[in-house]
Amino acid sequence: MADTTFWTCPPDLEVRGHGDDYTLTLLLPPFPAGTVNFSPHDPKEARHFAENFDTVDEILEELPPASAADSLALGTRSDLEIIKVGCWGNVISITDPSLADNIGDCPLLGASNTLRERYPDARIVGSADVHLGGDHTEDTIQLPDGVMLHAEGWLGVEPLEVTGDPQAVVRALAISSEALAQEAIDLDEEPDEIDWRALGRLALGPCDPWGRADLRMSVFRVRHTSGSTLRMEESWFFNQ
């Protein structure tokens, strides 16, 4: 295995931060509205996607596959090198701890913008959070016609910064008021009171793969890019 030389801390250093979501999902047309039968996972396509993802410098090792219901266990620094990728036909998803940060770099938005260039017809939905002395969240929804929203900031500390047009996203996706109410989403509330992750799940609709034990995903140990590694060292650890 290649040496993960971008890290400045040892692999057994305990992760001090925690989070439960650092995901991006692409939904390629057609966009179904009813029941969806996911295609079988394509490991070859998953590896290709991982190799070309914004945060990844190199795949170091392929690990046994896991399900979309399995969470990454972040106990030590070496666990931050693990990502999962699922490719099920027109649905592609990745979970990667480097998508979460608390220093305002907005890695989720950066990665989704790159994917927008590669997949201009895709619906892209992402969500990431990390808790380290406070809760920092980032969420984005990007639609093929250019309608988008992005929300980022510290919950309960300062107003989240929201760009784009959440109402336009809801209209474009024809998300009903009943569906919003069921998820307790009120877009007239203050930004830090809105469950942006839940809105993202509604944007994916029946193509939301997360939490599904029946969907297989490829698992890789990777060397993240130098910038992503530096960001993770600042976001997932107290100053050591």
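How each quantity is defined
Residues numbered from 1 in each chain as written. Predicted model: local features only at pLDDT ≥ 70, side-chain atom pairs only at ≥ 80, totals over all residues. Heavy atoms only, no water. Helix = DSSP H or I, 4+ residues; strand = E, 2+ residues; numbered from the N terminus. Rg over C-alpha atoms; globule rule 2.2 N^0.38 Å. Buried < 20%, exposed > 50% of the residue type's maximum accessible area, 1.4 Å probe, protein only. Contact = heavy atoms within 4.5 Å. Lys, Arg positive; Asp, Glu negative; His and termini not counted. Charge placed at Lys NZ, Arg CZ, Asp CG, Glu CD. Pairing = 2+ DSSP bridges. Axes fitted to C-alpha atoms, helices over the stretch in contact; angles between N-to-C directions. Polar contact = N/O pair within 3.5 Å; in protein donor to acceptor, adjacent residues only side chain to side chain. Patch = residues over 30% accessible without salt bridge, like charges linked within 9 Å, V, L, I, M, F, W, Y side chains within 5 Å. Areas by Shrake-Rupley, 256 points an atom, 1.4 Å probe, with all protein chains shown as cover. Salt bridge = Lys/Arg side-chain N within 4 Å of Asp/Glu carboxyl O. Phe/Tyr/Trp six-rings, centres within 6.5 Å; stacked < 30°, edge-to-face > 60°. Core = buried A, V, L, I, M, F, W, Y, C linked by side-chain atoms within 4.5 Å.

(A) Quick look at the overall build of the chain. Assigned secondary structure in the chain consists of six helices and nine strands. Rg of the C-alpha trace for the chain: 17 Å, near the compact-globule value of 18 Å for 240 residues, within the 12% margin. Overall, the C-alpha framework of the chain stretches about 50 × 45 × 30 Å when taken along its three principal axes. Taking all 240 residues of the chain together, the buried fraction comes to 52%. Look at the contacts in the chain between residues 6 or more apart in sequence, and 73% of them connect residues 24 or more apart. Averaging the locations of the 16 positively and 43 negatively charged side chains of the chain gives two centres separated by 8 Å.

(B) Layout of the sheet that holds strand β3 (residues 82–88). The antiparallel open sheet is built from nine strands, whose spatial order is β2-β9-β3-β4-β1-β5-β6-β7-β8. Two strands bound the open sheet, and with one partner strand each, they are β2 (56–67) and β8 (161–164). Strand-to-strand twist of the sheet, defined as the mean angle between neighbouring strand axes without regard to direction, takes the value 15 degrees. Here β3 runs beside strand β9 (residues 216–224); their pairing, made up of four bridges, is antiparallel. When the sheet's bridge partners are listed, Val-85 is paired in β9 with Ser-218. Where helix α6 (residues 226–236) meets the sheet, its contacts fall on β1 (22–27), β5 (123–131) and β9, and the angle it forms with β9 comes to roughly 95 degrees.

(C) Region of the structure containing the side chain of Thr-95. By the secondary structure assignment, Thr-95 is in strand β4 (residues 91–95). A distance of 3.5 Å separates a polar side-chain atom of Thr-95 from the backbone oxygen of Tyr-22.

(D) Looking closely at a negative patch on the surface. Residues Asp-186, Asp-188, Glu-189, Glu-190 and Glu-193 make up a contiguous surface patch of negative charge. Within the element layout of this structure, Glu-190 appears in the loop between α4 (177–182) and α5 (196–204).

(E) Molecular detail of the environment of Pro-40. Summarising the element assignment, Pro-40 is placed in the loop between β1 and α1 (43–51). With 69 residues separating them along the chain, Pro-40 and Leu-109 place their C-alpha atoms 28 Å apart. Apart from the residues within four sequence positions on either side, Pro-40 is in contact with Cys-87 and Trp-88.

(F) Just the packing of aromatic side chains, in detail. Within the structure shown, the criterion is met by three aromatic pairs. Ring centres of Phe-38 and Trp-88 lie 5.9 Å apart, and the angle between their planes is 85 degrees; on these two criteria the pair is classed as edge-to-face. Linking Phe-38 in the loop between β1 and α1 with Trp-88 in strand β3, this pair joins segments that are 50 residues apart in sequence. Geometrically, the ring pair formed by Phe-49 and Phe-53 is tilted, given 5.8 Å between the ring centres and 35 degrees between the ring planes. In this structure, Phe-49 and Phe-53 share a single accessibility class: buried.

(G) Highlighting the pattern of salt bridges. Evaluated as defined, the whole model comprises 14 salt bridges. A salt bridge links Asp-105 to Arg-231, with the shortest nitrogen-to-oxygen separation between them at 3.8 Å. Here Arg-231 lies in helix α6 and Asp-105 lies in the loop between β4 and α2 (107–118), a separation of 126 residues in the sequence.

(H) Highlighting the pairing of strand β6 (residues 135–142). By the criterion of burial, β6 is predominantly enclosed, with seven of the eight residues buried. Here β5 pairs with β6 via eight bridges, running antiparallel. Each residue of the ladder has a partner; that of His-131, found in β6, is Asp-135. Taking the residues that link successive antiparallel strands as the turn, the β5-β6 hairpin has three residues, and the phi of Gly-133 there is positive, at about 80 degrees. Counted between consecutive antiparallel strands, the loop separating β6 from strand β7 (residues 148–154) contains five residues, among which Gly-146 sits at a positive phi close to 95 degrees.

(I) Quick peek at the nonpolar core. Ranked by internal contacts, the top residues of the largest apolar core, which has 39 residues, are Leu-24, Phe-49, Phe-53, Val-85 and Trp-236. The element that contributes the greatest number of residues to this core is β3, accounting for four residues. Within the second largest apolar cluster, 31 residues are counted, among which are Ala-168, Val-170, Leu-204 and Cys-207.

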